[in-house]
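Below are the chains, spelled out letter by letter.
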Amino acid sequence: MSAECSSYLSADKVLVSGFSCPRTGGDARAVYCCGFEDVKYCCDDPHSFFPYEHSYMWWLSVGALVGLSIAAVVLFAFIITVCVLCYLFISTKPRSKLDTGLSFQMADSETRGSSVC
């Protein structure tokens, strides 16, 4: 069983001529043509998308986990800081009512009912 990879333009706009899978001197199990429009290669899995080993994904995952952990710690510290500041603001607030500067007076019944028509 073999597959034919057609010619294509690479990402550098260089024409790469077509080839047969498996390639001479390559892995005999790589009988499928895999890849994208700008990179094609022989592989052993017809559903393969990348011409790399999957071990590099661990480093991406570790980096993502470290980044997310740092972001979570920063967010947690921010929330704790806001809670502490709110508690301090509420606990140091004066207990008596604040004077708004306005005094309310009840209107006399005479002044309300003595409108001239």
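Right above here is the structure, for reference.
Residues numbered from 1 in each chain as written. Predicted model: local features only at pLDDT ≥ 70, side-chain atom pairs only at ≥ 80, totals over all residues. Heavy atoms only, no water.

Engineer: Looking at this model, I keep getting lost on the overall build of the protein. Mind explaining?
Structural biologist: The helix and strand inventory of the protein stands at two helices and six strands. The buried share of the protein, taken over its 117 residues, is 12%. Partitioning the contacts of the protein with sequence separation of at least 6, the portion at a separation of at least 24 is 24%. (Helix = DSSP H or I, 4+ residues; strand = E, 2+ residues; numbered from the N terminus. Buried < 20%, exposed > 50% of the residue type's maximum accessible area, 1.4 Å probe, protein only. Contact = heavy atoms within 4.5 Å.)

Engineer: Hey, could you run me through the nonpolar core in this one?
Structural biologist: Side chains of nonpolar character tend, in soluble globular proteins, to be buried together. Core analysis: the biggest nonpolar cluster contains seven residues, these being A3, C5, Y8, F19, C21, A30 and C42. When near neighbours in sequence (up to four residues on either side) are disregarded, Y8 contacts V14, L15, V16, F19, E37, D38, V39 and K40. (Core = buried A, V, L, I, M, F, W, Y, C linked by side-chain atoms within 4.5 Å.)

Engineer: So what exactly am I meant to see when it comes to the state of the cysteines here?
Structural biologist: One way to say it: the disulfide is the covalent bond shared by the sulfur atoms of two cysteines. Counting across every chain of the model gives three disulfides. A disulfide bridge connects C5 with C33, and the sulfur atoms are separated by 1.8 Å. Between C5 and C33, the disulfide has an S-S torsion of 130 degrees and is therefore right-handed. Here C5 is found in strand β1 (residues 3-5), whereas its partner C33 is found in strand β5 (residues 32-35), with 28 residues between them in sequence. Bridging C21 to C42, the disulfide has an S-S length of 2.1 Å. Classification of the bridge connecting C21 and C42 rests on its S-S torsion, roughly -85 degrees, and on that basis the disulfide is left-handed. Here C21 is found in strand β4 (residues 19-21), whereas its partner C42 is found in strand β6 (residues 40-43), with 21 residues between them in sequence. Across the pair, exposure class does not vary: C21 and C42 are buried alike. In the protein, numbering the disulfide-bonded cysteines from first to last in sequence yields the connectivity 1-3, 2-5, 4-6. (Disulfide = S-S within 2.5 Å.)

Engineer: Looking at this model, I keep getting lost on the side chain of K40. Mind explaining?
Structural biologist: Inspection of the secondary structure assignment puts K40 in strand β6. There is a polar contact of 2.8 Å between the side chain of K40 and the side chain of S6. Once residues lying within four places of it in the same chain are set aside, the contact partners of K40 are C5, S6, S7, Y8, F19, C33, C34 and G35. (Polar contact = N/O pair within 3.5 Å; in protein donor to acceptor, adjacent residues only side chain to side chain.)

Engineer: What should I look at first to understand the environment of G26 in this one?
Structural biologist: Among the structural elements, G26 can be located in the loop between β4 and β5. When its relative accessible area of 45% is taken as the criterion, G26 is described as partly exposed. In the structure, G26 is positioned 17 residues away from C43 in sequence and 10.0 Å away in space, judged by C-alpha atoms.

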